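A closer look at the structure
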Amino acid sequence: MKPENLWNYFFKILEIPHASGKEEQLRNYLIDIAKQHNLEHSVDKVGNLLIRKPATKGYEDRKTVVLQSHLDMVCEKNNDVVFDFDQDAIQYEIVDGWIRGKGTTLGADNGIGVAAQMAILTSNDIEHGNIECLFTVEEETGLTGAFGLEPNWLKAEILLNLDSEDDGQFFMGCAGGIDTVITLPYTLEKLQNAYKHYEIVVKGLSGGHSGDDINKGRENALKLCNRVIFAGIRDFDLKLNHFVGGNLRNAIPREATAKIAVPVEKSAAFEKYVEEFYKSVKKELPLTEPNVDVKLQPCEPFADALPDQETEKLTKSLTAVPHGVIRMAADIPNFVETSSNLAAIKMENHEVLITTSQRSSIESRKFEVADQIASTFQLIGAKTKHGDGYPGWTPNVNSPILKVCLDAFKRLYNQEGQALAIHAGLECGLISEKYPDMDMVSYGPTMRGVHSPDERMEIATVERFWDLTLEILKHIPKK
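This write-up is about the structure you can find in this document. (Residues numbered from 1 in each chain as written. Predicted model: local features only at pLDDT ≥ 70, side-chain atom pairs only at ≥ 80, totals over all residues. Heavy atoms only, no water.)

At their nearest, the axes of helix α5 (residues 221–236) and helix α7 (residues 308–320) sit 10 Å apart, and the two run at 135 degrees to each other. With respect to α7, the element α5 is oriented oblique. As for how α5 packs across α7, the hand of that crossing is left-handed. Of the residues in α7, those in contact with Lys223, Asn226, Ile229, Phe230 and Ile233 of α5 are Thr311, Thr315, Lys316, Leu318, Thr319 and Ala320. Considering only residue class, the contact of α5 with α7 consists of 5 nonpolar, 4 polar and 2 charged. (Axes fitted to C-alpha atoms, helices over the stretch in contact; angles between N-to-C directions. Helix = DSSP H or I, 4+ residues; strand = E, 2+ residues; numbered from the N terminus. Parallel < 35°, antiparallel > 145°, perpendicular 65-115°, else oblique. Left-handed = near helix turned anticlockwise from the far one by under 90°. Contact = heavy atoms within 4.5 Å. Nonpolar A, V, L, I, M, F, W, Y, C, P; charged D, E, K, R; others polar.)

Spelled out as structure tokens, the structure:
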């Protein structure tokens with residue numbers, strides 16, 4: 001696996017826990033390496049790390065470049081996998097030219113960017129001008145590091161963001177985003193009649209990134225589970241005790257469960273309904289969700305359930321709230337302009353907590369769809385709160401560093417690279433607010449299933465990514 005130095009750093013990163021908000025151990029490892037190589041380094045007040053390396057001989061007149069990745073990873077695992085992201089090393093396997101985690105996220109997003117930066121910082125045979133390597137924190141949970149970045153900390157005029165996921169694609173703009181969180185109090189009442197108790201289990205979905213994968217027709221586990229509950233209330237006098245699913249605001253939910261009770265005299269008919277529903281779902285999603293599974297299984301009896309009126313309000317709002325692509329861009333072919341992700345639902349301490357996230361490359365549309373989500377739940381008396389959000393990165397088709405990247409890709413591979421905008425949020429949007437004159441581009445090796453346990457990275461594209469980065473550094477414009 002080439003280049004050896006990069007892969008060595010990547011495998012070391014897999015051994016170090018680095019969940020969002022818990023990047024200290026990985027940051028300290030990078031600082032130790034900086035000290036070993038006598039590299040200037042500093043940490044800002046939010047925990048971002050900056051390491052500087054001087055230009056190699058003959059490249060002192062080039063513009064300073066900052067290479068940027070985030071230290072944290074999304075921590076997702078399959079329900080049947082025993083794993084502690086705060087202590088355990090990521091276990092990986094190589095299958096058909098791809099490296100992937102064993103039932104967990106791999107952390108190639110953005111561990112491969114971090115590894116590339118460290119390989120460059122510690123090399124003795126790479127030609128480059130003055131380099132800054134910026135490692136930000138808590139990108140996955142709210143872009144905390146980018147939000148807290150000081151305006152005068154970086155000296156660079158050019159930024160290479162190493163956080164994209166398709167070989168040969170170079171991103172010159174991205175969507176902005178905002179979270180909308182819903183809280184709804186609920187009560188419980190005693191079940192009065194004879195009931196059969198079940199757990200509805202939805203699993204086997206693809207999930208994925210709520211920006212990059214939102215237009216791929218992947219099913220939302222919360223929506224699917226809610227369809228069963230909705231029909232159960234309508235036709236079988238179903239009682240709801242608990243509903244949980246999804247996890248992170250930027251991941252499409254893959255799994256959901258609900259504890260429910262159905263009157264004994266209607267239980268056989270309900271079981272038959274779920275069987276038929278599962279068959280119909282398999283027909284709905286043969287290509288996008290070939291492994292979808294919807295089933296009933298017995299659960300421990302419970303004595304309490306939500307009142308019918310409260311259950312009806314909740315399930316109707318979950319039915320009505322939009323999820324997926326809201327609007328396609330008019331000026332960029334096949335580009336999602338605006339979307340929303342129904343990300344997670346939890347029920348605890350007599351409160352339903354629903355997490356959603358909205359994205360758009362147009363700021364006014366971002367707020368419009370966030371208000372649409374909030375309004376849907378406000379109609380049932382829920383409280384809603386919008387997060388601070390983050391800005392998009394306005395596309396610049398005339399970017400000089402974009403041209404450098406496209407020319408380098410053509411020289412190396414005799415192929416035309418693609419200049420694109422991305423619907424996912426990138427830290428470039430926030431960094432460009434602090435450094436409005438900085439010329440930026442984002443690229444990376446090919447990854448799939450990011451933000452889910454299906455995350456995998458194509459090994460051959462990692463070497464291409466490395467060679468491309470070195471070629472770009474050699475052709476950075478003069479000051």
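There is more to say, and it comes next.
For the rest of this paragraph, the subject is the nonpolar core. Grouped together as the largest cluster of nonpolar side chains are 66 residues, with contacts concentrated most on Phe10, Phe135, Leu160 and Ile472. Broken down by element, this core gets its largest block of residues, 9 residues, from helix α3 (residues 108–121). By size, the runner-up hydrophobic cluster in this structure holds 42 residues, among which are Leu224, Val228, Ile229 and Ala256. (Core = buried A, V, L, I, M, F, W, Y, C linked by side-chain atoms within 4.5 Å. Buried < 20%, exposed > 50% of the residue type's maximum accessible area, 1.4 Å probe, protein only.)

For the structure shown, the criterion picks out 14 aromatic pairs. Plain terms: the ring middles of Phe83 and Phe85 are 4.8 Å apart, the flat faces sit at 65 degrees to each other, and that makes the pair edge-to-face. Each member of the pair, Phe83 together with Phe85, is buried. One aromatic cluster in this structure is built from Phe170, Phe409, Tyr413, Tyr443 and Phe465. The ring of Tyr413 has Arg464 sitting right over it, with the charged end atom 4.0 Å from the ring centre. (Phe/Tyr/Trp six-rings, centres within 6.5 Å; stacked < 30°, edge-to-face > 60°. Lys NZ or Arg CZ within 6 Å of the ring centre and 35° of its normal.)

A few words now on the side chain of His197. In this fold, His197 is placed in strand β11 (residues 195–203). Owing to a relative accessible area of 13%, His197 belongs among the buried residues under this scheme. Of note is the side chain of His197, whose polar atom sits 3.1 Å from the backbone oxygen of Phe302. (Polar contact = N/O pair within 3.5 Å; in protein donor to acceptor, adjacent residues only side chain to side chain.)

At a closest axis distance of 11 Å, the pairing of α5 and helix α6 (residues 264–284) adopts a crossing angle of 145 degrees. The handedness of the crossing between α5 and α6 is right-handed. Side by side, α5 and α6 meet where Leu224, Arg227, Val228, Ala231, Gly232, Asp235 and Phe236 of the first sit next to Lys266, Ala269, Phe270, Tyr273, Val274, Phe277, Val281 and Glu284 of the second. Residues of the contact of α5 with α6, tallied by class, amount to 10 nonpolar, 1 polar and 4 charged.

Counted according to the given criterion, the structure contains 32 salt bridges. Close ionic contact of Arg464 with Asp167 constitutes a salt bridge, the shortest N to O distance being 2.9 Å. Here the residue Arg464 occupies a position in helix α11 (residues 459–474), and Asp167 occupies one in the loop between β7 (158–161) and β8 (169–174), the gap between them amounting to 297 residues. For Arg464, a relative accessible area of 22% gives the class partly exposed. Close ionic contact of Asp237 with Lys266 constitutes a salt bridge, the shortest N to O distance being 2.7 Å. (Salt bridge = Lys/Arg side-chain N within 4 Å of Asp/Glu carboxyl O.)

This part is about the layout of surface pockets. In this structure, the largest pocket spans a volume of roughly 450 Å³. Forming the walls of the largest pocket are 22 residues, and the residues nearest its centre are Asn78, Gly204, Leu205, Arg254 and Asp454. Looking at the lining of the largest pocket, the elements that each hand over two or more residues are β11 and β13 (256–263). A per-class count over the lining of the largest pocket returns 6 nonpolar, 7 polar and 9 charged. (1 Å grid on protein atoms, 1.4 Å probe; cavity = no way out; pocket = protein on both sides within 12 Å on 5 of 7 lines; lining within 4 Å. Points joined across faces, edges and corners; volume = space filled by probe spheres on them.)

Using the criterion set out here, one finds 3 cavities of 30 Å³ or more in the structure. For the largest cavity, the calculated volume is near 200 Å³. Lining the largest cavity are 20 residues, with Glu139, His209, Ala424, Gly425 and His451 sitting closest to its centre. Along the lines of polarity and charge, the residues of the lining of the largest cavity split into 6 nonpolar, 5 polar and 9 charged. For the second largest cavity, the calculated volume is near 50 Å³. As for the second largest cavity, its lining consists of Glu165, His209, Asp212, Asp213, Lys216, Arg218, Met447, Arg448, Gly449 and Val450. A breakdown of the residues in the lining of the second largest cavity according to their chemical character gives 2 nonpolar, 2 polar and 6 charged.

Strand order in the open sheet formed by 4 strands is β4-β5-β23-β22, with antiparallel pairing between adjacent strands. Sheet topology places β4 (92–95) and β22 (447–448) at the edges, where each strand pairs with a single neighbour. Judged from the 2 bridges that link them, β22 and strand β23 (residues 456–458) form a sheet pairing that is antiparallel. Looking across to β23, one finds that Met447 is bridged to Met457. (Pairing = 2+ DSSP bridges.)

Quick look at the pairing of strand β3 (residues 65–70) now. Across the 6 residues that make up β3, a large majority, 6, are buried. Alternating residues of β3 divide into Val65, Leu67 and Ser69 and Val66, Gln68 and His70, and every residue in both groups is buried. Two elements, β3 and strand β6 (residues 131–136), share 6 bridges in a ladder whose sense is parallel. Residue Ser69 lies in a different strand from β6, and its bridge partner there is Phe135. Judged from the 4 bridges that link them, β3 and β7 form a sheet pairing that is parallel. Residue Val65 lies in a different strand from β7, and its bridge partner there is Ile158.

A word on the pairing of strand β2 (residues 49–53). Burial of β2 is extensive: 5 of the 5 residues sit out of reach of the surface. Alternating positions in β2 separate into two faces, Leu49, Ile51 and Lys53 on one and Leu50 and Arg52 on the other, with burial throughout. Across 4 bridges, strand β1 (residues 40–43) lies against β2 in antiparallel orientation. Looking at β2, one finds that Ser42 is bridged to Leu50.

Okay, helix α8 (residues 363–378) next. Along its 16 residues, α8 runs 23 Å from first to last C-alpha, staying within 8% of the 22 Å computed at 1.5 Å per residue. Among all positions of α8, only Lys366, Val369, Ala370, Ile373, Ala374, Thr376 and Phe377 are buried. Projected onto a plane normal to the axis of α8, the buried residues spread over an arc of 155 degrees and lie on a single side. Contacts made by the buried residues of α8 are with β9 (176–185), α7, β16 (324–328), β17 (336–348), β18 (351–360) and β19 (383–386). (Expected span 1.5 Å × (residues − 1). Arc of directions from axis to C-beta.)

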